[in-house]
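Here is what each chain is made of, one letter per residue.
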Amino acid sequence: MTNDPSLFYDLHVFCCTHERDSRKASCGMRHADKLRGYLKDKVKEAGIRDMRINAAGCLNRCDLGPVMVIYPEGVWYHYQDHADIDEIFETHIRNGERVQRLMLPPGR
Ligand code: FES
């Protein structure tokens, strides 16, 4: 966690939960909303304040989804299941480190 007084939230997580009708890949078709809910519950149960877990529309990295981005650093992750969420929670959110194996490259 940071102590930057210019930040409204210490960490702000945007999880794409976008669903679309077409066959094009989307995070929603890969259970992103349930996984976001799982992360929200973990944060709440841990009593972590000054943090927000928002549902987001398409973040334009659909083929890599489900995806999330964590600010203020702007670190992108791909995740597939509860184990991935657990690792992001423990390593990034609680300990301020990176989960290298789940990080997406910054470029397109
Ligand atoms: S549907 Fe999630 S990034 Fe596009």
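Use the structure listed above.
Residues numbered from 1 in each chain as written. Predicted model: local features only at pLDDT ≥ 70, side-chain atom pairs only at ≥ 80, totals over all residues.

Draft legend 1. A look at the overall build of the protein chain. Across its full length, the protein chain holds 2 helices and 4 strands. Its helices and strands taken in sequence order, the protein chain reads β-α-β-β-β-α from the N to the C terminus. The C-alpha radius of gyration of the protein chain comes to 13 Å, within 12% of the 13 Å expected for a compact globule of 108 residues. In terms of overall dimensions, the protein chain has C-alpha extents of about 45 × 30 × 25 Å along its principal axes. Split into buried and exposed, the 108 residues of the protein chain put 23% on the buried side. When contacts within the protein chain are restricted to residue pairs at least 6 apart in sequence, those whose partners lie at least 24 apart make up 56%. (Helix = DSSP H or I, 4+ residues; strand = E, 2+ residues; numbered from the N terminus. Rg over C-alpha atoms; globule rule 2.2 N^0.38 Å. Buried ≥ 20, exposed ≤ 12 C-beta atoms within 10 Å, placed from the backbone. Contact = placed C-beta atoms within 7 Å.)

Draft legend 2. Main features of the nonpolar core. Residues V13, C15, M68 and Y79 are the most contacted members of the largest nonpolar core, which totals 17 residues. Those elements giving two or more residues to this core turn out to be β1 (11-16), α1 (32-45), β3 (67-71) and α2 (82-94). Here this core takes 4 residues from β1, the largest share from any one element. Once you skip the residues sitting within four places of it in the chain, C15 turns out to touch A32, R36, I53, A55, A56 and M68. (Core = buried A, V, L, I, M, F, W, Y, C linked by C-beta atoms within 7 Å.)

Draft legend 3. A look at the sheet that holds β3. Ordered by their spatial adjacency, 4 strands build an open sheet running β2-β1-β3-β4, and the pairing between neighbours is mixed. Of all the strands in the sheet, just β2 (51-56) and β4 (75-78) have a single pairing partner and so form its edges. For this sheet, the mean angle separating the axes of adjacent strands, direction not counted, is 20°. Looking at chain direction, β1 and β2 are connected through 6 bridges and run parallel. In the sheet register, C16 faces β2, and the bridge partner there is A56. Across the face of the sheet, α1 comes into contact with β1 and β2 while running at roughly 170° to β2. (Pairing = 2+ DSSP bridges. Axes fitted to C-alpha atoms, helices over the stretch in contact; angles between N-to-C directions.)

Draft legend 4. Seen up close, the packing of α1 against α2. The geometry of α1 relative to α2 is characterised by a closest axis approach of 10 Å and an angle of 40° between their N-to-C directions. Overall, the two elements α1 and α2 adopt an arrangement that is oblique. Here the hand of the crossing between α1 and α2 comes out right-handed. Of α2, the residues touching α1 (which contributes L35, Y38, L39 and K42) are H82, I85 and F89. Looking at the contact of α1 with α2, its residues break down into 5 nonpolar, 1 polar and 1 charged. (Parallel < 35°, antiparallel > 145°, perpendicular 65-115°, else oblique. Left-handed = near helix turned anticlockwise from the far one by under 90°. Nonpolar A, V, L, I, M, F, W, Y, C, P; charged D, E, K, R; others polar.)

Draft legend 5. Fine view of the environment of T17. Relative to the helices and strands, T17 resides in the loop between β1 and α1. Residues contacting T17, with those up to four places away along its chain left out, are C27, G28, A32, D33, R36, A55 and A56.

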